[in-house]
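Descriptive analysis of the structure
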Amino acid sequence: MPKNYNLRRLMLEMLDKRELSKIELFDEIRRESEISTSDKTLNESLMSLLKENEIYITGYDFDIYDGVKRIQSIRTEGLVFGRVKLNFVEIENLIAQLETTDVETVKKASYKLKMLFRKKFEELEYKNISEGITEDFDAFFNRTIYYIKSQKKEQKDSLWNKLAWSLSNDNGSDDIFLNIINYVKYH
């Protein structure tokens, strides 16, 4: 098996457990694999996972600047990566986090859902789903979430479940996503 395959698998396993900055991820891989691996090889594996939408950038770790007050450049070591979650239960958990009172939790969950929403939207764009949408993508996503949150409890719970299923890779998810888009588009 190619060396990069094992690195990719190891990266995915580590990011399944928690989000990691690039420097943390590379340090843990070197510690776990006990193989001397170059930054170039690790970067190549990381970039292929990003390109294939297996992982995404979740934030930035400013701790890498270690007390520097005036930050003038972006260092890639501070990029924080997370695993793209595409199963119904994990997405449902993200949606539940939107209902919490912790602002940071809501903010992170909203960002992750928006990334999943964008990914699904782009995958289905060949069906011209953006036709008839007058606002930009972020505004449309926000309108979708607002619409769901503004419903009565029973309807809201049903729509949250449908949204979670639609963002997953499960059977019928594309059709449900298209139904949600079309419904929000005209309401």
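Within each chain, residue numbers correspond to sequence positions counted from 1 in written order. Since the coordinates come from a predicted model, pLDDT governs what is reported: local features require at least 70, and pairs of side-chain atoms require 80 or more to be given and counted, while whole-chain, interface and lining totals use all residues. Side-chain measures were taken over the full set of non-hydrogen atoms in the model, leaving aside hydrogen atoms and water.

This brings us to the packing of helix 7 (residues 153-167) against helix 8 (residues 173-185). Angles here are taken between N-to-C directions and fall from 0 to 180 degrees, while the axes themselves are lines fitted to C-alpha atoms, restricted in helices to the stretch in contact. Helix numbers and strand numbers start at the N terminus; a helix is a DSSP run of H or I with at least 4 residues, a strand a run of E with at least 2. Helix 8 packs onto helix 7 with a crossing angle of 130° between their chain directions and a minimal axis gap of 7 Å. Considering the angle they form, helix 7 stands oblique to helix 8. The handedness of the crossing between helix 7 and helix 8 is left-handed. Across the interface between the two elements, Lys-162, Leu-163, Trp-165, Ser-166 and Leu-167 from helix 7 touch Ser-173, Ile-176, Phe-177 and Ile-180 from helix 8. Amino acid classes used here: Ala, Val, Leu, Ile, Met, Phe, Trp, Tyr, Cys and Pro are nonpolar; Asp, Glu, Lys and Arg are charged; the rest, including Gly, are polar. Within the contact of helix 7 with helix 8, the residues separate by chemical class into six nonpolar, two polar and one charged. Should an angle fall under 35 degrees it is called roughly parallel, over 145 degrees roughly antiparallel, and 65 to 115 degrees roughly perpendicular, with every other angle called oblique. By convention the crossing between two helices is left-handed if the near helix lies anticlockwise of the far one by an angle smaller than a right angle, and right-handed if it lies clockwise. Here, residues are in contact when the closest pair of their heavy atoms is within 4.5 Å.

Whenever a carboxyl oxygen of Asp or Glu lies within 4 Å of a side-chain nitrogen of Lys or Arg, that contact is scored as a salt bridge. Within this structure, the stated rule accounts for 15 salt bridges. In this structure, Arg-83 and Asp-16 form a salt bridge, with 3.0 Å as the shortest nitrogen-oxygen distance. Residue Arg-83 is located in strand 3 (residues 79-83), and its partner Asp-16 is located in helix 1 (residues 3-17); the two are separated by 67 residues in the primary sequence. Between Lys-114 and Asp-138 there is a salt bridge, with its nearest N and O atoms 3.7 Å apart. With Lys-114 in helix 5 (residues 103-123) and Asp-138 in helix 6 (residues 137-149), this pair connects stretches of sequence that are 24 residues apart. Three or more residues are tied together by salt bridges with common partners; here these are Asp-16, Glu-54 and Arg-83.

To continue, consider a nonpolar patch on the surface. A cluster of nonpolar side chains, contributed by Phe-62, Val-68 and Ile-71, occupies part of the molecular surface with about 270 Å² of accessible area. As for its position among the elements, Ile-71 is in the loop between strand 2 (55-60) and strand 3. Any residue under 20% of the maximum accessible area for its type is buried, any over 50% is exposed, and the rest in between are partly exposed; the area is computed with a 1.4 Å probe on protein chains only. Accessibility expressed as a relative area gives 37% for Ile-71, which makes it partly exposed. Patches in this entry comprise residues that are over 30% relatively accessible and not in a salt bridge; like charges within 9 Å are linked, as are nonpolar side chains (Val, Leu, Ile, Met, Phe, Trp, Tyr) within 5 Å. Throughout, the Shrake-Rupley method with a 1.4 Å probe supplies accessible areas, and for residues the shown protein chains are the sole cover considered.

Residues spaced three or four apart along an α-helix face the same direction, because each turn holds 3.6 residues. Its twelve residues give helix 2 (residues 22-33) an end-to-end C-alpha distance of 16 Å, which sits within 8% of 16 Å, the value for a rise of 1.5 Å per residue. Listed in full, the buried residues belonging to helix 2 are Lys-22, Leu-25, Phe-26, Glu-28 and Ile-29. In an axial view of helix 2, the angular spread of the buried residues amounts to 165°, which keeps them on one side of the axis. Here a helix's expected span is defined as the number of its residues, less one, multiplied by 1.5 Å. As used here, the arc belongs to the directions running from the helix axis to the C-beta atoms.

You will see that Asp-66, though not glycine, has its phi angle at about 40°, which is positive. Checked against the element boundaries, Asp-66 lands in the loop between strand 2 and strand 3. At Asn-128, a residue that is not glycine, the phi angle is positive and equals roughly 55°. With respect to the element layout, Asn-128 can be found in the loop between helix 5 and helix 6. The class for Asn-128 is partly exposed, based on a relative accessible area of 48%.

Turning our attention to the environment of Lys-152. Mapped onto the fold, Lys-152 is located in the loop between helix 6 and helix 7. Since its relative accessible area comes to 70%, Lys-152 is described here as exposed. Between the C-alpha atoms of Lys-152 and Asn-142, which are ten residues apart in sequence, the distance is 18 Å.

Turning our eyes to something else, we now look at helix 7. An ideal rise of 1.5 Å per residue puts 21 Å on 15 residues; helix 7 measures up with 21 Å between its terminal C-alpha atoms. Along helix 7, the residues classified as buried are Lys-156, Leu-159, Trp-160, Leu-163, Ala-164, Ser-166 and Leu-167. Down the axis of helix 7, the buried side of the element spans an arc of 165°, and every buried residue falls inside it. In this structure, the buried side of helix 7 is in contact with helix 4 (88-97), helix 5, helix 6 and helix 8.

The values reported here are purely geometric and, on their own, carry no functional implication.
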